Amino acid sequence: MSTLLLCVDKLEVVYQRAITAVQGITLSAREGQIVGVLGTNGAGKSTLLRAISGFHGIDDARVTEGSIVFKGRRIENSEPHAIAQTGIVLVPERDKVFPNLTVAENLAVPVAPKLAGSERRRRETQVMQFFPKLGALRNRTAGLLSGGERQMLAIATALVCRVELLLVDELSLGLAPVVVDDLMARLMQIKRELGITIVLVEQSAAVALAVADYSYVLENGRIVLDGDKARLASHADIQEFYLGNANGGQRRSYRDVKQYRRSRRWYG
Ligand SMILES: Nc1ncnc2c1ncn2[C@@H]1O[C@H](COP(=O)(O)OP(=O)(O)O)[C@@H](O)[C@H]1O
Ligand SMILES: [Mg+2]
């Protein structure tokens, strides 16, 4: 097995000294893996990624318990720029690109940690092969791109630096299935050809399970289930509440899922 790159142990994150958003989260990512984190709205997925990348401090949140270890070093509650220097890059849920800059200008915005000049040019060429569409749109203002193109640009920008761990928050939200499939294929290519480790946060279990080597299910800030694709895809709860395979193939509504969560909390 490849070496452990990221180890999150019993993590607790509290906003404004009052709101506990995640509690007792333990997860890990091995080098070259795609790790999925799935859960419904408000489960704590973004909080987890922000804590790993250090951006939680912006919202007055702190890691109050547990640890985050990256390449053998504790990084929890470090400054975002210091964490970026270690090789962790976040593609956030919102504000992924600079809307007033063109595609080419977005790609030229230096993202930490920097690659040396020649390496950066080589990486940019490689990245443009992953996303040929971006080449054709070089001079388009990013604010005018479609949702899918914007996601491509956000990933491309994150790759033209010395990234070792890529954190991707909700890539599929609001996109057509065919666009999502294409983005997921690119993530697999990035993992395979660049050897970059990816933590992929998704509301869509189908999307995450299709590409992740190992996944964790988050509910109310806690991990309730984890396993590889085969284990999770065949798990009854996942089948019923996340993949919507019960109920004659109809996807369960969010209300149903919430009722399920409530019943689990009270009786489970
Ligand atoms: N800026 C914030 N201030 C206070 N509480 C927040 C903030 N952001 C998120 N939370 C809390 O953390 C919980 C998890 O939110 P989040 O991590 O955004 O979930 P997800 O990304 O899974 O939808 C929410 O229920 C909310 O109560
Ligand atoms: Mg989120």
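Conventions we followed
- Residues numbered from 1 in each chain as written.
- Chains lettered and ligands numbered in written order.
- Predicted model: local features only at pLDDT ≥ 70, side-chain atom pairs only at ≥ 80, totals over all residues.
- Heavy atoms only, no water.
- Helix = DSSP H or I, 4+ residues; strand = E, 2+ residues; numbered from the N terminus.
- Rg over C-alpha atoms; globule rule 2.2 N^0.38 Å.
- Buried < 20%, exposed > 50% of the residue type's maximum accessible area, 1.4 Å probe, protein only.
- Contact = heavy atoms within 4.5 Å.
- Areas by Shrake-Rupley, 256 points an atom, 1.4 Å probe, with all protein chains shown as cover.
- Pairing = 2+ DSSP bridges.
- Core = buried A, V, L, I, M, F, W, Y, C linked by side-chain atoms within 4.5 Å.
- pLDDT = per-residue confidence, 0-100.
- Donors = N, O, S within 2.8 Å, 3.2 Å for Na, K, Ca; no water.
- Salt bridge = Lys/Arg side-chain N within 4 Å of Asp/Glu carboxyl O.
- Axes fitted to C-alpha atoms, helices over the stretch in contact; angles between N-to-C directions.

## Looking at the overall build of the protein chain
Next, step 1: If you tally the helices and strands in the protein chain, you get eleven helices and ten strands.
Next, step 2: Whereas a compact globule of 268 residues would reach a radius of gyration of roughly 18 Å, the protein chain reaches 18 Å, a difference of no more than 12%.
Next, step 3: Seen through its C-alpha atoms, the protein chain measures out along the principal axes to roughly 60 × 40 × 40 Å.
Next, step 4: Expressed as a percentage of its 268 residues, the buried residues of the protein chain come to 49%.
Next, step 5: In the protein chain, of all internal contacts separated by at least 6 residues, the share reaching a separation of at least 24 is 66%.
Next, step 6: Looking at the protein chain as shown, the accessible area adds up to about 12800 Å², and 49% of this sits on carbon and sulfur atoms.

## Things to note about the pairing of strand E9 (residues 214-219)
Next, step 1: Taken across its six residues, E9 has five buried, putting it largely inside the fold.
Next, step 2: Note: strand E3 (residues 34-38) against E9, four bridges, orientation parallel. Bridging across to E9, leucine 38 finds its partner in valine 217.
Next, step 3: Pairing geometry for E9 and strand E10 (residues 222-228), over six bridges, is antiparallel. Considered in E10, the bridge of valine 217 is made with leucine 225.
Next, step 4: The turn joining E9 and E10, which pair antiparallel and follow one another in sequence, is formed by two residues; a positive phi near 45° is taken by asparagine 220.

## Concerning the nonpolar core
Next, step 1: The biggest cluster of nonpolar side chains holds 41 residues, and the ones touching the most others in it are Phe131, Leu159, Leu166, Ile190 and Ile198.
Next, step 2: Among the elements that take part in this core, helix H6 (residues 147-159) stands out by supplying seven residues, more than any other.
Next, step 3: For isoleucine 198, the residues in contact, after removing those within four places along its chain, are Gln33, Ile34, Val35, Leu166, Val168, Leu187, Ile190 and Lys191.
Next, step 4: Residues Val8, Ala21, Val35 and Ala61 belong to the second largest nonpolar core, which totals 32 residues.

## A look at the confidence of the model for the protein chain
Next, step 1: Averaged over every residue, the pLDDT of the protein chain is 89; residues scoring 70 or more account for 91%.
Next, step 2: The low-confidence segment residues 247-251 (pLDDT under 50) makes five contacts with residues lying over four places distant or belonging to another chain.

## Quick notes on the coordination of the magnesium ion (ligand 2)
Next, step 1: Ser46 (OG) and Glu93 (OE) make up the full set of protein donors to the magnesium ion (ligand 2), lying at 2.0 to 2.4 Å. Here glutamate 93 lies in the loop between strand E6 (88-91) and helix H3 (103-108) and serine 46 lies in helix H1 (residues 45-53), a separation of 47 residues in the sequence.
Next, step 2: Classification of serine 46 by relative accessible area gives buried; the value is 13%.

## Digging into the pattern of salt bridges
Next, step 1: One pass over the structure, following the stated rule, counts nine salt bridges.
Next, step 2: The residue glutamate 170 makes a salt bridge to lysine 45 at a minimum N-O spacing of 3.7 Å. Residue glutamate 170 is found in the loop between strand E7 (165-169) and helix H7 (177-194), and its partner lysine 45 is found in helix H1; the two are separated by 125 residues along the sequence. Just as glutamate 170 is buried, lysine 45 falls in that class too.
Next, step 3: Taking the shortest distance from any N to any O, the salt bridge between arginine 74 and glutamate 76 comes out at 2.6 Å.
Next, step 4: Judged by its relative accessible area of 55%, arginine 74 is exposed.
Next, step 5: For glutamate 76, a relative accessible area of 16% gives the class buried.

## Structural notes on the sheet that holds strand E8 (residues 197-202)
Next, step 1: Strand order in the open sheet formed by six strands is E6-E7-E8-E3-E9-E10, with mixed pairing between adjacent strands. Two strands close off the open sheet at either side, each with one partner strand: E6 and E10. Here the average twist between neighbouring strands, direction ignored, is 15°.
Next, step 2: Packed onto the sheet, H7 meets E3 and E8 and runs at close to 155° relative to E8.

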